[in-house]
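Letter by letter, the chains look like this.
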Amino acid sequence: MESSSSGSAKARQSSGGADTFDIPGKGAPIERLKRWRQAALVLNASRRFRYTLDLKKEEQKEEVKRKIRAQAHVIRAAYRFKEAARVNVQPKETTDAAPHVDGALGFGIKEEQLTALTRDHNYSALQQYGGISGVANMLKTDTEKGTGGDDPDLKARQNAFGSNTYPRKKGRSFLAFVWDACKDLTLIILMVAAAVSLALGIATEGIKEGWYDGASIGFAVLLVVFVTATTDYKQSLQFQNLNEEKQNISLEVVRGGRRIKVSIYDLVVGDVVPLKIGDQVPADGILISGHSFSIDESSMTGESKIVNKDQKSPFMMSGCKVADGYGTMLVTAVGINTEWGLLMASISEDSGEETPLQVRLNGVATFIGIIGLTVAVLVLVVLVARYFTGHTYNPDRSPQYVKGKMGVGATIKGIVKIFTVAVTIVVVAVPEGLPLAVTLTLAFSMRKMMRDKALVRRLSACETMGSATTICSDKTGTLTLNQMTVTKAYFGGKKMVPTDNTEMLSASVSTMIIEGIAQNTSGSIFEPEGGQAEVTGSPTEKAILSWGLQLGMKFNETRSKSSILQVFPFNSEKKRGGVAVHVGDSEVHIYWKGAAELILESCTDWLDADGSKHSMTPEKMGEFKKFIEDMAVASLRCVAFAYRPCEMNDVPNEDQRAEWILPEDNLIMLGIVGIKDPCRPGVQDSIRLCTAAGIKVRMVTGDNLQTARAIALECGILNDPNVLEPVIIEGKTFRALSDLEREEAAEKICVMGRSSPNDKLLFVKALRNRGHVVAVTGDGTNDAPALHEADIGLSMGIQGTEVAKESSDIIILDDNFASIVRVVRWGRSVYANIQKFIQFQLTVNVAALIINVVSAVSSGDVPLNAVQLLWVNLIMDTLGALALATEPPNNHLMQRPPVGRREPLITNIMWRNLLIMALYQVAVLLTLNFDGQNLLQLKHDNHAHAEKVKNTFIFNTFVLCQVFNEFNARKPDELNVFKGITGNHLFMGIIAITVVFQVLIIEFLGKFTSTVRLSWQLWLVSIGLAFISWPLALLGKLIPVPDRPFSELFACCFPAKKQDDDVKEKEGSAKHSEV
């Protein structure tokens, strides 16, 4: 499992279990997931682990699946046993009697009868209803044209048989998130301390004055709880919406004779659904007709077994995948009436998933937390010792504790205050929000990526995309527009000008070409009376069918003149598709179409324009090859048409026909078409952007090598038209290399033509073994292994099959390469935003801890009390994450090299910025703490009041320093920290909220926060000291830092300590940028 998630083979071996907080991006073993959970220092498990995989829930989910599957097996087994006994015992006439049928709201059959029919796979009941046509009649459906498709008809079907939805488990309420936030151990301790302080305060000072201390801590804790709960609740809603988007599959149905696209949720009983290889069966149903049609039922039965479907075994279960062939089905049960619906309603969809970055941040949080706990214990010990030895003083300089003269209540109150400060230091020091900041930025990114036409199926793919060093892209539809048209044709041994010039062909040749186009297709044409024909199918099929219409083809009429005997669906391995049709008497035609040079190799003859057959001489073969080459150089996709006549006697009888393999040798060449698919506008700019960002774009296509070369030159993947192997290579050549040779060649390959899905898989493996982080695109069912093996699998939303989509990590909704580049930007943005947040949070951590520790040890008091520290924690934790983790991506991100997967989270640049800011804040605040009364000219004030003003000023300056530093954190490596700030409304809003609340705290909430009002002069000084953060940060950024990371100092925390991995990645990056 682990091999599918890391890049370099050697790196995988070296880092196997070296770091507890280092997990693979895909397929992490359960033991690794358990290990990091046990190692993490956690104060609130329910909150910290909310967006990680719930291992217990996953086990329960699998158990529910097993039970539902077992139940379905038992019901079917019991029914078959009963059926066998009934057939053997009862006389024949009773077995042939049709079951009693009750009408349901105008239909000839009830919901329960239909559900039982498909659930029990009751073939005899189907026969008694009159077979598929009998059931279709009862459902008022035409097996060719489908339902009427008008709104009243669809509504009536939903009322009679239900809708294709299932009851979803309700999401967690806001109060549940409040409860989770309250479970934080430190907050519970603070609430207890607040209660004790409240009780003692009222008892010793009376209710009028005594409630402030306890109530202020309690209120601050509640504020933290509610802000945390609100943020988490909003995140949860975002994930729910994204889950629904993932399940909203778009599919084709036949309504009113026309193929239209509908949502899976809009499917109704009676719908006729065309299915092809890679599709998901959207509801329970019965096969109407199919060719080489087989289903993978493993998702429902748990057994990895491909089941052939035909008229004897026509029942199909929702949720299964089409493994081969194509066909049409009649929908007989939807939603909760299907086994799939029952399964989905019984299990919770809200399964979390931890990402490598999230786990690494748990490691960082644990490391910082241990330091924070140590500091808090040290502060506690020092303060308690000073308190009981009489070295802790009141504002009027009298000792707080005098042995033998203090009451129990006053003593306890003093200890509670000390304990509260120590616990609050833990709250500030243990960054619980650090791992959750990843979830916040991922949720934000996923929502925005939807607008950029990318649907994220796996959270960690967002992160990994920021590390991508190479993108292996398909050509058709991704780099090109997928708007195909036939622009050249070569039939009857001559070039057709124009391409629909049938006058140069005899009637018999034209008829044969049209018959081959109409019968050997998985597409369809709807021909409305007096209207324009509507063509559906894959882009290649649509182009060929549209050309057929130009030749004068009447689609339905042509298909009705001959009957299909056997079909060989188009196969991306063999790159051809065939069909055998019975044209009359004993005459059978076997039509083939596919990759031009491959079909040409199978031809021994060719058909002239007058219909005469000629032998394929070497000269004529060369002529055909020259035409193919000319079309390929003009970046056309070349498709050849050939046929082979045979007798009906050579065709196996109906029982054995399913096993009949169509002969594909000794073919007669009919002709070749060239199909133009223009490059997408802007694809050159996107590829240029990738190159500048250190990402190598490679084209992997099934097309002819010359076509691939022409498109690659047009797109900018190749710059030299004369490049040779291995820069441009054929799939079969690459396949024939040894493992080591493949790895060496993979580094240099820019274009791979005539590649099979297995070639793509080998290519991905070779690149990953060289240390690359590989993103791969795919749309076909056979692409699933490569999509699964790649670090990031990108499936196509329009042309992609459901099998490809399920194997992928991100679905590109518009099939556009530019959308892939936008995903890379978002991936880098996730990493960059987390680093900004870490820099900001650690600055606060370091400064707050040092100030409080030094003050506690030296004077026995701390300038920042519990309530003030809780407010700082809120700024630093939730509000800081919201402001910095939601920064939108910018073009600067695409001017850097890819983020190394084992690079330290805290870079040398961050250390520099962090230390400069922390040292400045510590220096200023400690100076103020020890000599503040002199510096602020408070000597003439009452000592107690002067002390309060000084501490208020320290608190105010500290908070304002964080506000100004938040701007610095936006751009850790850029001089202009204000660039693009007006576009981030959330950031500006949070800064405004923080400043407004700070003014309210200082000016109006002094009783609660133990602060006093500051004069406007002190406000200006405070702002001035905080403002220095900006020029200081600017000067700091001019200080050079070494390239070599400081990671060895933090080896216990960061999984980037394997320097050989970093060297490998840099070498790999340098090599591919040189190619």
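Each value, and the rule that gives it
- Residues numbered from 1 in each chain as written.
- Predicted model: local features only at pLDDT ≥ 70, side-chain atom pairs only at ≥ 80, totals over all residues.
- Heavy atoms only, no water.
- Helix = DSSP H or I, 4+ residues; strand = E, 2+ residues; numbered from the N terminus.
- Buried < 20%, exposed > 50% of the residue type's maximum accessible area, 1.4 Å probe, protein only.
- Contact = heavy atoms within 4.5 Å.
- Areas by Shrake-Rupley, 256 points an atom, 1.4 Å probe, with all protein chains shown as cover.
- Core = buried A, V, L, I, M, F, W, Y, C linked by side-chain atoms within 4.5 Å.
- Phe/Tyr/Trp six-rings, centres within 6.5 Å; stacked < 30°, edge-to-face > 60°.
- Lys NZ or Arg CZ within 6 Å of the ring centre and 35° of its normal.
- Polar contact = N/O pair within 3.5 Å; in protein donor to acceptor, adjacent residues only side chain to side chain.
- Axes fitted to C-alpha atoms, helices over the stretch in contact; angles between N-to-C directions.
- Parallel < 35°, antiparallel > 145°, perpendicular 65-115°, else oblique.
- Left-handed = near helix turned anticlockwise from the far one by under 90°.
- Nonpolar A, V, L, I, M, F, W, Y, C, P; charged D, E, K, R; others polar.
- Salt bridge = Lys/Arg side-chain N within 4 Å of Asp/Glu carboxyl O.
- pLDDT = per-residue confidence, 0-100.
- Pairing = 2+ DSSP bridges.
- Expected span 1.5 Å × (residues − 1).
- Arc of directions from axis to C-beta.
- Patch = residues over 30% accessible without salt bridge, like charges linked within 9 Å, V, L, I, M, F, W, Y side chains within 5 Å.

(A) Structural view of the overall build of the chain. A tally of helices and strands in the chain yields 40 helices and 26 strands. Buried residues in the chain amount to 57% of all 1075 residues. Partitioning the contacts of the chain with sequence separation of at least 6, the portion at a separation of at least 24 is 73%. When the accessible area of the chain is evaluated, it comes to approximately 44100 Å², of which 58% is carbon and sulfur surface.

(B) Region of interest: the nonpolar core. I717, I810 and F817 are the most contacted members of the largest nonpolar core, which totals 156 residues. Among the elements that make up this core, the one with the highest residue count is helix α32 (residues 817-859) (20 residues). Once residues within four sequence positions are removed from consideration, F817 is found in contact with I471, S473, T478, L479, R680, V683, S686, I687, C690 and V697. Counting 44 residues, the second largest nonpolar core, distinct from the first, contains I132, V254, L287 and M316.

(C) Fine view of the packing of aromatic side chains. Counted according to the given criterion, the structure contains 22 aromatic pairs. Taking the centre distance of 5.6 Å and the plane angle of 55° together, the rings of F568 and W592 count as tilted. One end of the pair, F568, is in strand β14 (residues 563-571); the other, W592, is in strand β16 (residues 587-595), and 24 residues separate them in sequence. On the basis of relative accessible area, F568 is assigned to the partly exposed category, the value being 22%. With relative accessibility at 1%, the residue W592 sits in the buried group. Taking the ring centre of F107 as reference, the NZ or CZ of K140 above it sits at 5.5 Å. If you follow R576 out to its NZ or CZ, it ends over the ring of W592, 5.9 Å from the centre.

(D) Local environment of the environment of T1011. Looking at where T1011 falls in the secondary structure, it is placed in the loop between α37 (1006-1009) and α38 (1016-1027). Taking the C-alpha atoms as reference, T1011 lies 9.9 Å from N865; in sequence the two are 146 residues apart. If sequence neighbours within four positions are ignored, T1011 has contacts with Q868, T952, F955, I1001, I1002, L1005 and G1006. A polar contact is formed between the side chain of T1011 and the side chain of T1009, at a distance of 2.8 Å.

(E) Geometry of the side chain of R742. Tracing the chain through its elements places R742 in helix α28 (residues 739-748). In terms of polar contacts, R742 uses its side chain to reach the side chain of D739, at 2.5 Å.

(F) A look at the packing of helix α24 (residues 618-633) against helix α26 (residues 705-715). Where α24 contacts α26, the two axes come as close as 7 Å, and the packing angle between them is 20°. With respect to α26, the element α24 is oriented roughly parallel. The handedness of the crossing between α24 and α26 is right-handed. Along its contact with α24, which presents E629, A632 and V633, the element α26 presents Q706, T707 and A710. Its residues assigned to classes, the contact of α24 with α26 shows 3 nonpolar, 2 polar and 1 charged.

(G) How the structure looks around the pattern of salt bridges. As enumerated under the stated definition, the model contains 34 salt bridges in all. Where E747 meets R770, a salt bridge forms, and the shortest distance between an N and an O atom there is 3.3 Å. Here R770 lies in the loop between α29 (757-769) and β24 (774-778) and E747 lies in helix α28, a separation of 23 residues in the sequence. Among the residues examined, R770 registers a relative accessible area of 26% and is labelled partly exposed. Through salt bridges with shared partners, a single network forms among D474, K760 and D783.

(H) Spatial organisation of the confidence of the model for the chain. Here the chain averages 82 in pLDDT, while 86% of its residues score no lower than 70. Confidence over residues 1-18 falls short of pLDDT 50; this stretch has 50 contacts with residues more than four positions distant or in other chains. For residues 1052-1075, every residue scores under 50 in pLDDT, and the model assigns this stretch 55 contacts once sequence neighbours within four places are set aside.

(I) Focus on the sheet that holds strand β21 (residues 696-700). Strand order in the open sheet formed by 8 strands is β8-β26-β25-β24-β9-β21-β23-β22, with mixed pairing between adjacent strands. Of all strands in the sheet, those bounded by a partner on one side alone are β8 (454-456) and β22 (728-730). When strand polarity is set aside, the average angle formed by the axes of neighbouring strands in this sheet is 20°. Two elements, strand β9 (residues 470-473) and β24, share 3 bridges in a ladder whose sense is parallel. The residue bridging C472 from the neighbouring strand is V776, located in β24.

(J) Representation of α38 within the structure. Look at α38: 16 Å from first C-alpha to last across 12 residues, which is about the 16 Å you get at 1.5 Å a residue. Within the span of α38, buried status applies to L1018, W1019, S1022, L1025 and A1026. Summarising the axial view, the buried residues of α38 lie within an arc of 130°, below the 170-degree limit, and thus occupy one face. Pointing more than 90 degrees away from the buried face of α38 are the exposed residues W1016 and L1020. Turning to α38, the residues buried within the fold contact α34 (908-935), α35 (943-970), α36 (985-1004) and α39 (1029-1036).

(K) The arrangement of the pairing of β24 in detail. The element β24 is extensively covered by neighbouring structure, given that 5 of its 5 residues are classed as buried. The side-chain alternation of β24 yields two buried faces, one formed by V774, V776 and G778 and the other by A775 and T777. Pairing analysis gives 4 bridges linking β24 to strand β25 (residues 792-796), with the strands arranged parallel. Bridging across to β25, V776 finds its partner in G793.

(L) Region of the structure containing the packing of helix α33 (residues 866-884) against α36. Here α33 crosses α36 at 165°, and the two axes come no closer than 9 Å. On the basis of their axis angle, the class for α33 and α36 is roughly antiparallel. Of the two elements, α33 crosses α36, and the hand of that crossing is right-handed. Every residue of α36 that contacts α33 at W871, I875, L879, L882, A883 and L884 is listed here: L986, F987, I990, T994, F997, Q998 and I1001.

(M) Local environment of a nonpolar patch on the surface. Taken together, I993, V996, F997, L1000, F1004 and L1005 make up a surface patch of nonpolar side chains, about 530 Å² in accessible area. By secondary structure assignment, the location of L1000 is in helix α36. A relative accessible area of 35% places L1000 in the partly exposed class.

(N) Seen up close, unusual backbone geometry. Here the amide bond leading from V497 into P498 is cis, since omega sits at -10°, within 30 degrees of zero. Turning to its location among the elements, P498 is positioned in the loop between β11 (494-495) and α20 (507-519). Here the bond from E725 into P726 is cis, since omega is 0°, no more than 30 degrees from zero. Following the sequence through the fold, P726 ends up in the loop between α26 and β22. Its identity as a non-glycine residue notwithstanding, K453 has a phi of 65°, on the positive side. Checked against the element boundaries, K453 lands in the loop between α18 (433-451) and β8. By relative accessible area, K453 is classed as partly exposed at 40%. Within the chain, D585 stands out as a residue other than glycine whose phi angle is a positive 50°. Relative to the helices and strands, D585 resides in the loop between β15 (576-584) and β16. Owing to a relative accessible area of 77%, D585 belongs among the exposed residues under this scheme.

(O) How the structure looks around the pairing of strand β4 (residues 284-296). Both β4 and strand β7 (residues 321-333) contribute to a ladder of 10 bridges, which runs antiparallel. Paired with G290 across the bridge in β7 is G327. As paired strands, β4 and strand β6 (residues 315-316) are joined by 2 bridges and run antiparallel to one another. Its bridge partner lying in β6, G285 is registered against M316. Pairing of β4 with strand β5 (residues 306-308), which is carried by 3 bridges, proceeds in the antiparallel orientation. The partner of S294 across the bridge, within β5, is N308.

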